[in-house]
Amino acid sequence: MLAGPRAGLLLCRRAALGTRCVRPPPVRANPTIRTCRGIVARSPAPSQLSLRSSTRLFTTTRPRSADPKPEDPIAATAAAPISPPESQQQPASPNKPPRRRRRGRGLYHSAIFLLVGISLGTLLRFALAPPPRPPPGSQADAVLTAKIHEDGASLPLVRQLSADPSWTSWDAYSGLPSGRMVSSRITSGPLSGSGGLAFQRVFHNRDTGELVSVVYFGPATTGWPGVVHGGALATVLDETLGRCAILRFPARTGVTARLELTYRAPTVASRYYVVRARPAVADNEGHDQAKSDRKMWVDGTLETLDGRVCVRARALFVVPKGVKLQPLVEGF
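A brief look at the structure comes next. All values derive from a computational prediction rather than experimental measurement.

1. Topic: the sheet that holds strand S11 (residues 309-318)
Here seven strands make up an open sheet; going across it, the order is S5-S6-S7-S9-S10-S11-S8 and the pairing antiparallel. Two strands lie at the open edges of the sheet, namely strand S5 (167-171) and strand S8 (255-263), each paired on one side alone. The mean inter-strand angle of the sheet, taken between neighbouring strand axes irrespective of direction, is 20 degrees. Taken together, the six bridges between strand S6 (residues 199-205) and strand S7 (residues 211-217) define a ladder with antiparallel strand orientation. Residue pairing across strands places phenylalanine 203 opposite valine 212, the latter belonging to S7. Docked against the sheet, helix H5 (residues 139-153) engages S6, S7 and strand S9 (271-279), running at close to 35 degrees with respect to S6. Together, S6, S7, S8, S9, strand S10 (295-303) and S11 form the strand contacts of helix H8 (residues 230-246), whose direction differs from that of S11 by roughly 50 degrees.

Listed below in structure tokens is the structure:
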């Protein structure tokens, strides 16, 4: 064997002669080239040619086309421009009249809601806080009371009963002497005038003993706003059923021993109502109470003008023994 630098030089020459030089083919328009072994291969990209020529000039095998480096999907996704989905993409409308129409509709709906709100607010304000009433005894109160009397006299029921000869009619408390006695009674004193019981027309049938009273409940009789107080209803029913009993007693007087009320529906103020009272037919003992001289049960109802029952009542009236009461006059 050879030794030294000369031997190394000879080995290098032999290695150089044993290898084949493969030069990179020139870039042509044709995408395929023919190698020295007659194998057709696809022309690599120019960037790959420059990389091969600079890094690998000598080889003992046939050249292989370098596979393109796969792209990173995360990087590609990050580099891609973000576009909104098709459902969120709003095509630009070339015409502007639709926007004007929408604005017009919005103003129209706003005006309607405003008018409805003002109307409901006004009604609620008058229901919760009605306007002040004229003071009792004033000229304005007298004019309003006269108007209520005129409207009550023109009701169909009042006209019908007034034209029937079997019914006798009068205004409540018209037979009482004016003065302290009238003003001291709750129904003819504090509840008088246009704000209280401005109209009470009483009808009595002497044959059947039935009594009908048409009553107007003013705004001064309310408890809850717009609704007549239950105590005012009880007072009117007590007096009406008491009239029915006292007109049957020979003594023409009596007191309330028991009063039962069943409130069925709210009674709205500033309206006319009908109170009906009739003597009870019989009690549990089997004898007729209507013919009793000192004791009587009376049934009654408070109804609207169309017949809807608001309150049902049942009361017991007696003539006390050992107590002399002043008889009531006609027209009480």
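Let us keep going from here.
2. Overview of the pattern of salt bridges
Two side chains that carry opposite charge are able to pair once their charged atoms sit near each other. All told, the structure shown has six salt bridges when counted by the stated rule. With a closest N to O distance of 3.9 Å, arginine 243 and glutamate 239 form a salt bridge. Of this pair, arginine 243 and glutamate 239 both sit in helix H8, four residues apart, roughly one helical turn. Among the residues examined, arginine 243 registers a relative accessible area of 2% and is labelled buried.

3. Some points on the nonpolar core
Membership of the largest hydrophobic core comes to 35 residues, with the highest contact counts inside it found for Phe217, Leu237, Leu241, Val298, Leu302 and Phe317. Looking at this core, the elements with two or more residues in it are S7, H8, S9, S10 and S11. Top contributing element to this core by residue count: H8, with eight residues. Filtering out sequence-adjacent residues up to four positions away, leucine 237 remains in contact with Leu261, Val275, Thr301, Leu302, Val311 and Ala313. Within the second largest apolar cluster, 13 residues are counted, among which are Ile148, Val158, Tyr216 and Tyr272.

Thresholds applied
- Residues numbered from 1 in each chain as written.
- Predicted model: local features only at pLDDT ≥ 70, side-chain atom pairs only at ≥ 80, totals over all residues.
- Heavy atoms only, no water.
- Pairing = 2+ DSSP bridges.
- Helix = DSSP H or I, 4+ residues; strand = E, 2+ residues; numbered from the N terminus.
- Axes fitted to C-alpha atoms, helices over the stretch in contact; angles between N-to-C directions.
- Contact = heavy atoms within 4.5 Å.
- Salt bridge = Lys/Arg side-chain N within 4 Å of Asp/Glu carboxyl O.
- Buried < 20%, exposed > 50% of the residue type's maximum accessible area, 1.4 Å probe, protein only.
- Core = buried A, V, L, I, M, F, W, Y, C linked by side-chain atoms within 4.5 Å.

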